[in-house]
Structures are given as structure tokens and as C-alpha cells.
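# Analysis of the macromolecular model
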Amino acid sequence: MAVLKVKFTKTKRDKLAQILWILNWVSVVSGVILFSLGLFLKIEIKKRNEVMAKGDINSVPNMLISVGVIACIINFLGGKICYDCSDANKFSRWKLVMLPYIVCTFCFTFCILVGALMCYTMRNELEESLYLGLRDAIKFYKDTDIPGRCFLKKTVDMLQIGFQCCGNNGFRDWFEIQWVSARYLNMASKEVVDRLKSNVDGKFLVDGVPFSCCNPSSPRPCIQYQLTNNSAHYNYDFLTEELNIWVKGCREALLDYYTAIMRSIGVAALLIWLFELSVLIGVRYLQTAMKNVLLLGDLEGESDGWLLENSFVETAKYNINIIKNLGKANQISTVSDMNDPNINVQNTNYGKTNNTTKSIPVAR
């Protein structure tokens, strides 16, 4: 029994073809939107590429860009097909093409759904990439004279100012690394020498942060050094007073930023997927209705259109059997050899035969 069967008159078929023609052109625009969203996300990720570790974080924008391009091509072809379906004679040209087109479009709409879901599952990979990338960027913050690292100081400073953050997980990350270059340390100072000797690795560690961690909205001048020493500053309590530096870590700030973008893109992709699915259902009804018109032979009469010709269970069993039988057509069955008359033929002549031969008389 057909699933969701609908009866179409000639007028309804023509209106459905016209509506689907318009909707396919709208779908071309939706494909452009998907492409634009993927390109925007790719550019935003590339902007912070210096503070991200290499990984699969570009899989989502690449997926959206690819799906957007395919959407434009498929829906452009679908618009042409639906436009010709208003005429039964023109439909005969697309009769054999429409079913493969519907199958390919179904797979394509599934890819849109996968891309939308990937926007919500990318957070863990992005968080790991940011953690490793920021850790290395902060570690090489002082290497302003080394090729390949000289740009990291500016990158980290602009990042902390723009996103109002400090460090990887927080401002305390700067306490664990030497972020001041050795060329700017006064080796004649006893305090500097003692601090270098007190560290096992010979690093100059201080409880201070770069200037880019300072909050310009704070009424108090920025305190960059001796953040944990209350006696070093007047009327200052490290444990109770709000610091005039950014407290949030840059990993959290960037993660929130990209998560908000991906959620918005995910919602847009889901809406486009629902729209594409509705257009695909309409094309399926149009294909079955026009097919039945040609079978009936009455181009002006009524015809039935359906989503599936048989029930879901029967359709599933039928497709599973097709998959199982793929490739069996080229296989040679050994059972068929039993019917070969040339096999297992017994020879009844055992031993020598005693047939006498007649001699021809010789003329004398």
C-alpha cells in the first residue's frame, strides 16, 4: 500500500510544478547562504590560526562550503526539471532521470543535516585546539627575536585586549612562564640574579602579567607586578579586592565566541535542511504523479502521487535485498553445474573390443 497517497488533477500537477520551480530557485539562494556561512566560519578560524593547534577544526566550514556549492548545482537542475514537468511531453525526457535525482538530493539533504549537527559537536575539538595553541603562544611570547615566533607577542596582546581576557585558563598562567625576554633583564641587579638562581630551570618568573591584561575601565591604575603581594601596594587586598586586570582566560573567551557563531550557523543549517526536505518531498509527489499519468495514457486526467509506493517495511526489505544481491550477477553458481549434460557421463566401453574388420579383396 502506498504511503501518503494524494490524488492530483491536471491543474494541481501544474501548480505543484510551478511552485517547486520557484522553491528550487529559493533553494539555490539557500545554497549560497550555506556557502557564505561556511566561508565566514573558515575566515574567523583562520584569523586566530596562530593560537590554535592543527586539527580537524576546519572540517565544519569545509563541509558547509561543499554542501553550499552542491546545493546550487542540484537545485538549479531541479528548477529546470520542475519547469518541464508542467508539460507531460517534456517530462518524458526526464522520466528516467528523476528517480536518481531524488535519491541524490536525499543524500545531499542528509549531508546538510550532518553539517548542522557538526556545528554542535565541534566544541570539544575546538577547546582542545585552543588550549594547545594558546599554551604554545604564551610560552613563546618573549621570543620576539626568533623568526617564526616574533609575531606571537603582538598576536597575544591584541587577543587579550580584543577579547578582554588574560592567559590561557586565567592570569595565573603568566606566573608559570618567563614572558619577559632575557635581553630586557638587568643582570647587574641582585634581585634579577637571585630570582634566576632560585628557579630550577633558570627562568625569570614573576607574579605579574603583560600590559594587555589590564582593564582600562578600572578606576585604579593597572597593577601588573606583585599581584599576590598585598604589602607592595597601598590599600590593596589580593583576596577581596577586584583586580584591575581581566580575570577570564582567553581559551574560555574564544570558545564562547566561536560557540555562539557555530550555534547560529547550526540553526540556519537546520532551517535550510527542513526547507530542502520539504522541496524534495514535493518533487517526489510530482515525479510519481507524472509517472502515473504516462502509465494511464490520459494526460488530462487524474493521477495518484505518493511518497513511497509500498509501506516503509516493504520498501526497506526491498532495498536490503537489492544491496545483498549486488555483484551476484557476475558470480558463477556451482549448483548449476549439476544440470550440465556433459558432466559425469560414464563410458560403457571397458577394455578392448573384438570387432572383426572386413578385408577388401585384391584383384589378381
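Residues numbered from 1 in each chain as written. Predicted model: local features only at pLDDT ≥ 70, side-chain atom pairs only at ≥ 80, totals over all residues. Heavy atoms only, no water.

An unreviewed UniProt entry annotates the protein chain as RDS2 protein originating from Brachypteracias leptosomus. As stated in UniProt under Subcellular location (unreviewed entry), the record for the protein chain gives "Membrane". Quoted verbatim from the Sequence similarities (unreviewed entry) field of UniProt, the annotation for the protein chain is "Belongs to the PRPH2/ROM1 family." (UniProt positions renumbered as here; feature names shortened; annotations may be inferred.)

As annotated in UniProt, the feature "transmembrane region" (unreviewed entry) corresponds to residues 20-40, 60-78, 98-120 and 265-286 in the numbering used here. Segment residues 98-120 splits into 100% helix and 0% strand. End C-alpha atoms: 34 Å apart. (Helix = DSSP H or I, 4+ residues; strand = E, 2+ residues; numbered from the N terminus.)

As a volume, the second largest pocket reaches approximately 190 Å³. A class-by-class count of the residues in the lining of the second largest pocket yields 6 nonpolar, 1 polar and 3 charged. (1 Å grid on protein atoms, 1.4 Å probe; cavity = no way out; pocket = protein on both sides within 12 Å on 5 of 7 lines; lining within 4 Å. Points joined across faces, edges and corners; volume = space filled by probe spheres on them. Nonpolar A, V, L, I, M, F, W, Y, C, P; charged D, E, K, R; others polar.)

Another point: the packing of helix α1 (residues 10-47) against helix α2 (residues 59-84). In the contact formed by α1 and α2, the axes pass within 7 Å of each other and the chain directions differ by 165 degrees. Considering the angle they form, α1 stands roughly antiparallel to α2. The element α1 and its partner α2 pack so that their crossing is left-handed. (Axes fitted to C-alpha atoms, helices over the stretch in contact; angles between N-to-C directions. Parallel < 35°, antiparallel > 145°, perpendicular 65-115°, else oblique. Left-handed = near helix turned anticlockwise from the far one by under 90°.)

All right, on to the nonpolar core then. With 80 residues, the main nonpolar core has Phe171, Trp174 and Val209 as its most contacted residues. Residue assignment for this core shows that the elements contributing at least two residues are α1, α2, α3 (88-121), α4 (123-139), α5 (152-162), α6 (190-198) and α7 (250-296). Tallying contributions element by element places α7 first for this core, with 18 residues. Both domains that furnish three or more residues to this core are identified here as domain 1 (3-138 + 252-310) and domain 2 (177-247). (Core = buried A, V, L, I, M, F, W, Y, C linked by side-chain atoms within 4.5 Å. Buried < 20%, exposed > 50% of the residue type's maximum accessible area, 1.4 Å probe, protein only. Domains from an automatic or database assignment.)

According to the stated counting rule, one finds 10 salt bridges in the structure shown. A salt bridge links Glu127 to Arg251, with the shortest nitrogen-to-oxygen separation between them at 2.8 Å. In this pair, Glu127 is assigned in helix α4 and Arg251 in helix α7, connecting sequence segments 124 residues apart. Judged by its relative accessible area of 28%, Glu127 is partly exposed. Its salt-bridge partner being Asp256, residue Lys248 comes within 4.0 Å of it at the nearest N-O pair. Using a relative accessible area of 38% as the deciding quantity, one classes Lys248 as partly exposed. (Salt bridge = Lys/Arg side-chain N within 4 Å of Asp/Glu carboxyl O.)

Before going further, it helps to spend a moment on the environment of Leu37. Its location among the elements puts Leu37 in helix α1. For Leu37 and Ala269, which are 232 residues apart along the polypeptide, the C-alpha to C-alpha distance reads 9.1 Å. Excluding residues that lie within four positions of it along the chain, Leu37 makes contacts with Ile265 and Ala268. (Contact = heavy atoms within 4.5 Å.)

Let us now look at the side chain of Asn75. Mapped onto the elements of the fold, Asn75 is located in helix α2. With sequence-adjacent residues up to four places away left out, Asn75 is seen in contact with Asn24, Ser27, Val28 and Glu276.

Once that is clear, we can look at the packing of α1 against α7. At a minimum axis distance of 9 Å, the contact between α1 and α7 shows a crossing angle of 155 degrees. What the angle tells us is that α1 and α7 run roughly antiparallel. Viewed along their axes, α1 and α7 form a crossing whose handedness is left-handed. When grouped by side-chain class, the residues that make up the contact of α1 with α7 number 27 nonpolar, 4 polar and 3 charged.

This model, assessed by the stated rule, comprises 3 disulfides. Each sulfur in the disulfide pair Cys165 and Cys250 lies 2.1 Å from the other. What sets the handedness of the Cys165 and Cys250 disulfide is the S-S torsion sign, and at about 85 degrees it is right-handed. Taken as a pair, Cys165 in the loop between α5 and α6 and Cys250 in helix α7 lie far apart in primary sequence, 85 residues in all. (Disulfide = S-S within 2.5 Å.)

What follows concerns unusual backbone geometry. For Gln164, which is not glycine, the phi dihedral falls at a positive 50 degrees. Here Gln164 is to be found in the loop between α5 and α6. You can call Gln164 partly exposed: its relative accessible area is 45%.

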